[in-house]
Amino acid sequence: MKMRSFASFSCIAAACLLVACGNNATTDKPAGDSATIAPAAGAALPDANLFKDSMESKMTALYILKNKNNASVAITNYGARVVSLLVPDKNGTLTDVALGYDSIGKYIHQPETYFGAIVGRYGNRIAKGKFKLDGKEYKLATNNGANHLHGGLKGFGAHVWDAKKLNDSTLELTYLSQDQEEGYPGNLQAKVTYTLSGDSANSLKIDYEATTDKATVLNLTNHTYFNLNGQGSGTINNHLLFLNADRYTPVDSTLIPTGKLEPVAGTPFDFLQPAAVGSRIDANNEQLKFGKGYDHNFVLNANKGSGLNLAATVQGDQSGIFMEVLTMEPGIQFYGGNFMNGGNPLKGGKKDDHRTAFCLETQHYPDSPNEPSFPSTELKPGGKYKTSTEYRFTVKK
Ligand code: GLA
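In this report, the structure presented in the accompanying data block is examined.

The rules behind the values
- Residues numbered from 1 in each chain as written.
- Predicted model: local features only at pLDDT ≥ 70, side-chain atom pairs only at ≥ 80, totals over all residues.
- Heavy atoms only, no water.
- Pairing = 2+ DSSP bridges.
- Helix = DSSP H or I, 4+ residues; strand = E, 2+ residues; numbered from the N terminus.
- Buried < 20%, exposed > 50% of the residue type's maximum accessible area, 1.4 Å probe, protein only.
- Phe/Tyr/Trp six-rings, centres within 6.5 Å; stacked < 30°, edge-to-face > 60°.
- Lys NZ or Arg CZ within 6 Å of the ring centre and 35° of its normal.
- Near = heavy atom within 4 Å.
- Polar contact = N/O pair within 3.5 Å; in protein donor to acceptor, adjacent residues only side chain to side chain.
- Nonpolar A, V, L, I, M, F, W, Y, C, P; charged D, E, K, R; others polar.
- Core = buried A, V, L, I, M, F, W, Y, C linked by side-chain atoms within 4.5 Å.
- Axes fitted to C-alpha atoms, helices over the stretch in contact; angles between N-to-C directions.
- Contact = heavy atoms within 4.5 Å.
- Lys, Arg positive; Asp, Glu negative; His and termini not counted.
- Salt bridge = Lys/Arg side-chain N within 4 Å of Asp/Glu carboxyl O.

## Topic: the sheet that holds strand β18 (residues 240–243)
One open sheet holds the nine strands; their spatial order is β12-β13-β14-β15-β28-β24-β23-β18-β21, and the pairing between them is antiparallel. With partners counted over all chains shown, the strands left at the sheet margins are β12 (162–167) and β21 (275–276), one partner each.

This is the structure in structure tokens:
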């Protein structure tokens, strides 16, 4: 499980990356001794020129973060989205583990609207698009049957954020969500900072912050669709998944939690021992029927102290890429790509076929504003929302 060093990426491959990065490319040279490790071909970053547009009186662009191991992430300020995430596989080949489109136009017009997005104000569902706060009822946009999903008709992933590259490996994005946007109270100032580091692992950390001028509810997450064998490279059902959760929140047929926390023991929801994602997916289980597969929130086991806690690990069966998800959040939505249907053209001419990606959305539980027993998602004026999630990549041979 030692991470293969990528320090000696060849001059040719490095040059390709720089060309692909367009204006946003850093000119960092790969660190290390280029004589010791053979050059590895691999996935390239998208063409930054195809991400230039103007919307909401702002310019969209593609920003590239790199670390000293030559791992890289491409992020657009349209929805603060992860477009590409390149990490080495067990052979040292750079592999793009994040599904995405190759141009801004596709992010705007294709039916799948959540690839890589920051989801807000509320990740996942709020029943019937209603909730009460301080005795007042708020009505939200309903965009998933009778329910509100992922912030509504035009959530945070469909707005242009202000971006500031702080250094080669850090990008800060800010967005002001106006009072009453999608029905939510309060002007909410949100900040998301992506940092790609490369010390003990290639790690993408996401720090979230927000303040409001009226009491509101908030549940930010990132909706990257991962395939650890490389985006568009077939089923994820053979990926090995561990979820650090003794319990989950079962749902009704519209995917709203019943309010109970049920044990996973003895069910297809038990991933306490790593298991292939698809090993029990066809089990005769009502919850799997409701979700059309896995589309459930897991209650993460109690934090051992403060800071980031291990929520999940996933291993690509072909690539050996091993991803650890660490978070401060109390829950994680495991979505197994059940609604994917091949209808969206991915980067490099790949397809988004059924269950060829998974999402691990760190979050508070769905419908918390209507479930007083769930951890609160309320943010008050004067308070500060602050949470972090980290995706760490190594390899297992
Ligand atoms: C979440 C939801 C799913 C689906 C996906 C996006 O994970 O729980 O039901 O909406 O996002 O397609």
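Next comes the rest of the write-up.
## Topic: the pairing of strand β4 (residues 72–76)
For a regular strand, the rule is simple: side chains alternate between the two faces of the sheet. With five of its five residues buried, β4 lies for the most part within the structure. Burial of β4 is two-sided: the residues Ser 72, Ala 74 and Thr 76 facing one way and the residues Val 73 and Ile 75 facing the other way are all buried. As paired elements, strand β3 (residues 62–66) and β4 share five bridges and run antiparallel to each other. Along β4, the bridge assignment pairs Leu 62 with Thr 76. The antiparallel pairing of β3 with β4 creates a hairpin that spans five residues between the two strands, and Asn 70 there sits at a positive phi of about 70°. Following β4, the chain reverses through four residues before pairing antiparallel with strand β5 (residues 81–88); Gly 79 in that reversal takes a positive phi of roughly 80°.

## Observations concerning the packing of aromatic side chains
Tallied over the entire structure, the rule returns 21 aromatic pairs. Measuring from centroid to centroid gives 4.4 Å for Tyr 248 and Phe 269, while their planes differ by 10°, and the two rings are stacked. Pair noted here: Tyr 248 is in strand β19 (residues 247–249) and Phe 269 is in the loop between β20 (262–263) and β21, with a separation of 21 residues, a long-range link. Residue class for Phe 269 comes out buried when judged on its relative accessible area of 0%. Between the aromatic rings of Phe 269 and Phe 298, the centroid separation amounts to 6.1 Å while the plane-to-plane angle is 40°, which identifies the pairing as tilted. Here Phe 269 is found in the loop between β20 and β21, whereas its partner Phe 298 is found in strand β22 (residues 295–299), with 29 residues between them in sequence. Among the aromatic residues, those joined into a cluster by ring pairs are Phe 51, Tyr 101, Tyr 107, Phe 115, Tyr 225, Tyr 335 and Phe 339. It is Arg 280 that lies over the ring of Phe 271; its NZ or CZ is 4.7 Å from the centre.

## Some details on the site of the ligand
In the vicinity of the ligand lie 13 residues, with Arg 125, His 150, His 223, Asp 295 and Glu 361 positioned nearest. The contact in question runs from an oxygen atom of the ligand to an N or O atom on the side chain of Tyr 225, over 3.2 Å. In this structure, an oxygen atom belonging to the ligand sits 2.9 Å away from a side-chain N or O atom of Glu 361. Across the shell around the ligand, the residue classes tally to six nonpolar, four polar and three charged.

## Let's talk about the pairing of strand β10 (residues 136–139)
Across four bridges, the pairing between strand β9 (residues 130–133) and β10 is antiparallel. Within the sheet, the bridge partner assigned to Leu 133 lies in β10 and is Lys 136. Between β9 and β10, which pair antiparallel in sequence order, lie two residues; one of them, Asp 134, sits at a positive phi of approximately 50°.

## A short note on the nonpolar core
Side chains that are nonpolar tend, in soluble globular proteins, to be buried together. Core analysis: the biggest nonpolar cluster contains 61 residues, and Tyr 194, Met 323, Leu 360 and Phe 393 have the highest contact counts within it. Counting residues in each nonpolar core, the second largest holds 25 residues, with Ala 48, Ala 74, Leu 99 and Ala 357 among its members.

## Focus: the sheet that holds β4
Read from one edge of the open sheet, four strands run β3-β4-β5-β6, paired in antiparallel fashion. For this open sheet the edge positions go to β3 and β6 (94–96), each flanked by a neighbour on one side alone. Across the sheet, the axes of successive neighbouring strands diverge by a mean angle of 20°, strand direction being ignored.

## What about the side chain of Thr 170?
For Thr 170, the location among the structural elements is in strand β13 (residues 170–177). Residue classification places Thr 170 among the buried positions, given a relative accessible area of 10%. Apart from residues no more than four positions distant in its own chain, Thr 170 is found in contact with Leu 65, Lys 164, Lys 165, Thr 193, Tyr 194 and Thr 195.

## Focus: unusual backbone geometry
Leaving glycine aside, a negative phi is the common case for residues, and trans is the common case for peptide bonds. The peptide bond linking Gly 120 to Arg 121 adopts the cis configuration, its omega dihedral lying at -5°. Of note, Arg 121 is situated in the loop between β7 (118–119) and β8 (125–126). Positive phi is not limited to glycine here, since Asp 134 has a value of about 50°. Mapped onto the elements of the fold, Asp 134 is located in the loop between β9 and β10. For Asp 134, a relative accessible area of 65% translates into the label exposed. Positive phi, close to 55°, is recorded for Lys 292, a residue that is not glycine.

## Some remarks on the side chain of Arg 121
Nearest to the buried, unbridged Arg 121 among oppositely charged side chains is Glu 181, at 5.6 Å. Within the local environment of Arg 121, its side chain forms a polar contact with the backbone oxygen of Gln 178, the two atoms lying 3.3 Å apart. One polar contact links the side chain of Arg 121 to the main-chain carbonyl oxygen of Gly 186, over a distance of 2.6 Å.

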